[in-house]
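Take a look at the letters that make up each chain.
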Amino acid sequence: RRGEQGQAVGSEGYLPQESLPVLDVGAGDQGRHPLVAWLVGRLERNVNRTQKAETVASLKGIFAEAGLVVVTHNTGLNVAEISELRRRMREAGARFRIAKNRLTKRALSGTPYEALADYFTGPTALAYSDDEVAAAKVVVGFAKENDALVVLGGAIGTTALDADAVKALAALPS
């Protein structure tokens, strides 16, 4: 049996509608009960955790299969420039990915590329390829054209490379 608005059913007692607390936490949450706001927040966090776990798993897969990983700073690159870099990377058989530093550091643990963890501060991105040279060639070439992309370092398996070593690797003939 259902009661009218504000009317409890059975032994629940009566709770007038105007005595229910209302939490105003900004646009979109107007008039939302605090319990509902809390529950929605918990559900969103759980979804967020699931997405983060999937991102870490995806990055672990990249580190397990990549022959070369190059870490870059990409401050100042606009969408068109990043799209152009990604297009060049695809043509060379490599990939360019921006990921959260904390998640990337989690994914690095237990992989041959664990030494790269110190590079992940600030606005970083990964260039990676199965080939040991492809990603380095494209990233270094693009960095020469665009000062906003800075090569920080990289690794071939367990062998860590500083920025100069990545540039030397890019200069090798294909």
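Coordinates for the structure precede this section.
Residues numbered from 1 in each chain as written. Predicted model: local features only at pLDDT ≥ 70, side-chain atom pairs only at ≥ 80, totals over all residues. Heavy atoms only, no water.

1. What to know about the overall build of the protein chain
Stated formally: Secondary structure counts use DSSP, requiring at least four H or I residues in a row for a helix and at least two E residues in a row for a strand, with both numbered from the N terminus. We call a residue buried when its accessible area falls under 20% of the maximum for its residue type, exposed when it is over 50%, and partly exposed in between, using a 1.4 Å probe and counting protein chains only. Working definition of accessibility: Shrake-Rupley area with a 1.4 Å probe, residue cover restricted to the visible protein chains.
Secondary structure summary: the protein chain contains five helices and five strands in total. For the protein chain, the sequential pattern of α-helices and β-strands runs α-β-α-β-α-β-α-β-β-α. Within the protein chain, the proportion of its 174 residues that are buried is 33%. When the accessible surface of the protein chain is split by element, carbon and sulfur atoms take 52% of a total near 10600 Å².

2. Examining a nonpolar patch on the surface
Filter applied, for reference: Only residues above 30% relative accessible area that lack a salt bridge enter a patch, with like-charged residues linked at up to 9 Å and the nonpolar side chains Val, Leu, Ile, Met, Phe, Trp and Tyr linked at up to 5 Å. Only one rule defines a salt bridge in this text: a Lys or Arg side-chain nitrogen within 4 Å of an Asp or Glu carboxyl oxygen.
A cluster of nonpolar side chains, contributed by Leu35, Trp38 and Leu39, occupies part of the molecular surface with about 350 Å² of accessible area. Along the polypeptide, tryptophan 38 turns up in helix 1 (residues 34–65).

3. With respect to a positive patch on the surface
Put simply, the rule reads: When charges are counted, Lys and Arg contribute as positive and Asp and Glu as negative, whereas His and the chain ends are disregarded. Where a charge lies is defined by one atom per residue type, namely NZ (Lys), CZ (Arg), CG (Asp) and CD (Glu).
Residues Arg49, Lys52, Lys100, Arg102, Lys105 and Arg106 make up a contiguous surface patch of positive charge. At the level of secondary structure, the elements contributing two or more residues to the positive patch comprise helix 1 and helix 3 (101–108). A total of three residues in the positive patch trace back to one element, the largest contributor, which is helix 3. Exposure remark for arginine 102: the relative accessible area of 64% places this residue in the exposed category.

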